[in-house]
Amino acid sequence: SQQGEEDPQALSIQEGENATMNCSYKTSINNLQWYRQNSGRGLVHLILIRSNEREKHSGRLRVTLDTSKKSSSLLITASRAADTASYFCATDARRSSASKIIFGSGTRLSIRP
Amino acid sequence: EPEVTQTPSHQVTQMGQEVILRCVPISNHLYFYWYRQILGQKVEFLVSFYNNEISEKSEIFDDQFSVERPDGSNFTLKIRSTKLEDSAMYFCASSGPLSSDTQYFGPGTRLTVL
């Protein structure tokens, strides 16, 4: 299986602190994406990093990708209460004409006020 | 900003009944997907669709499932005879014009099978 697995499963931090979530996967990929899901809601795309990229930034988000270690990390700086959600990495190892992304189990992030 | 829409937001049905879940992908996208998420579990890939045919399907996507793009805008998932274990959140996604582009997800349809 090439699924991504996030670590930790749950993370609780104080508002204003940084949150780091990690993702590991098993097979070669075309790209890796991070999504956020608020409880019972849809999946919001955060950032996509391609296999030939090592780091990407978007606002308070920083994603790294290490293809040699088959791992990625998502850093959220200066966390806010609104960041409370589950965060998933999703890997794309396209074999057919359309992509199929495989989701990990997610990290549940709680921001304490 | 364009977004994927799904209807209905919640569908309740009796076991054995047919359901059709509807999606309107982002208009210039070429690749379409269905995923599902059983409560408390991972998001699972069901099927991808490109050029009016199924590109790939998972082992979950058995003969009870079918997808269709009946016109230029809608993308549907039909479950012919629902089972209790089909209860889940079903997400539609689209991407394009390249397959490797970001997949954008709809808000989901919560299917409850009684």
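Structure report, in brief. Predicted, not measured: the structure shown is a model, and the values here were computed from it. (Residues numbered from 1 in each chain as written. Chains lettered and ligands numbered in written order. Predicted model: local features only at pLDDT ≥ 70, side-chain atom pairs only at ≥ 80, totals over all residues. Heavy atoms only, no water.)

Scanning the model with the defined rule gives 2 disulfides over all chains in all. Put simply, Cys23(A) and Cys89(A) are joined by a disulfide, and their sulfur atoms are 2.0 Å apart. Torsion about the S-S bond of the Cys23(A) and Cys89(A) cystine: about 65 degrees, corresponding to right-handed handedness. Linking Cys23(A) in strand 3 (residues 19-24) with Cys89(A) in strand 9 (residues 85-92), this pair joins segments that are 66 residues apart in sequence. The class of Cys23(A) is buried, set by a relative accessible area of 2%. Given a relative accessible area of 0%, Cys89(A) falls into the buried group. Note on cysteine connectivity: Cys23(B) is disulfide-linked to Cys92(B), with sulfurs 1.9 Å apart. In this structure the cystine formed by Cys23(B) and Cys92(B) twists about its S-S bond by roughly -65 degrees; its chirality is therefore left-handed. Here Cys23(B) is found in strand 3 (residues 19-24), whereas its partner Cys92(B) is found in strand 9 (residues 88-95), with 69 residues between them in sequence. (Disulfide = S-S within 2.5 Å. Helix = DSSP H or I, 4+ residues; strand = E, 2+ residues; numbered from the N terminus. Buried < 20%, exposed > 50% of the residue type's maximum accessible area, 1.4 Å probe, protein only.)

Next up on the list: unusual backbone geometry. Looking along the chain, the bond that leaves Asp7(A) and enters Pro8(A) is cis, with omega of 0 degrees. Looking at the element boundaries, Pro8(A) is found in the loop between strand 1 (5-7) and strand 2 (10-14). The linkage connecting Gly96(B) with the following residue, Pro97(B), adopts the cis geometry, with an omega of 10 degrees. Phi angles above zero are rare outside glycine, and Lys70(A) is one such case at about 50 degrees. Looking at the element boundaries, Lys70(A) is found in the loop between strand 7 (61-66) and strand 8 (71-76). Unusually for a residue other than glycine, Asn51(B) sits at a positive phi of about 55 degrees.

With that out of the way, let us pick up the interface of chain B and chain A. A common way to express how large an interface is: the accessible area buried when the components associate. Each partner contributes residues to the interface: chain B has 22 residues there, and chain A has 25 residues. Summed over both partners, the interface of chain B with chain A buries about 1,900 Å², with 50% contributed by carbon and sulfur atoms. Of all residues in chain B, Lys42(B), Ser100(B) and Phe105(B) give up the largest surface area on contact with chain A, accounting jointly for 28% of the area buried on that side. Linking chain B with chain A are 3 salt bridges. Secondary structure elements with two or more residues in the side of chain B that touches chain A: strand 4 (31-37), strand 5 (43-50), strand 6 (53-57) and strand 9 of chain B. (Contact = heavy atoms within 4.5 Å. Buried area = accessible area lost by both parts, 1.4 Å probe. Salt bridge = Lys/Arg side-chain N within 4 Å of Asp/Glu carboxyl O.)

Taken by themselves, the reported measurements are silent on function.
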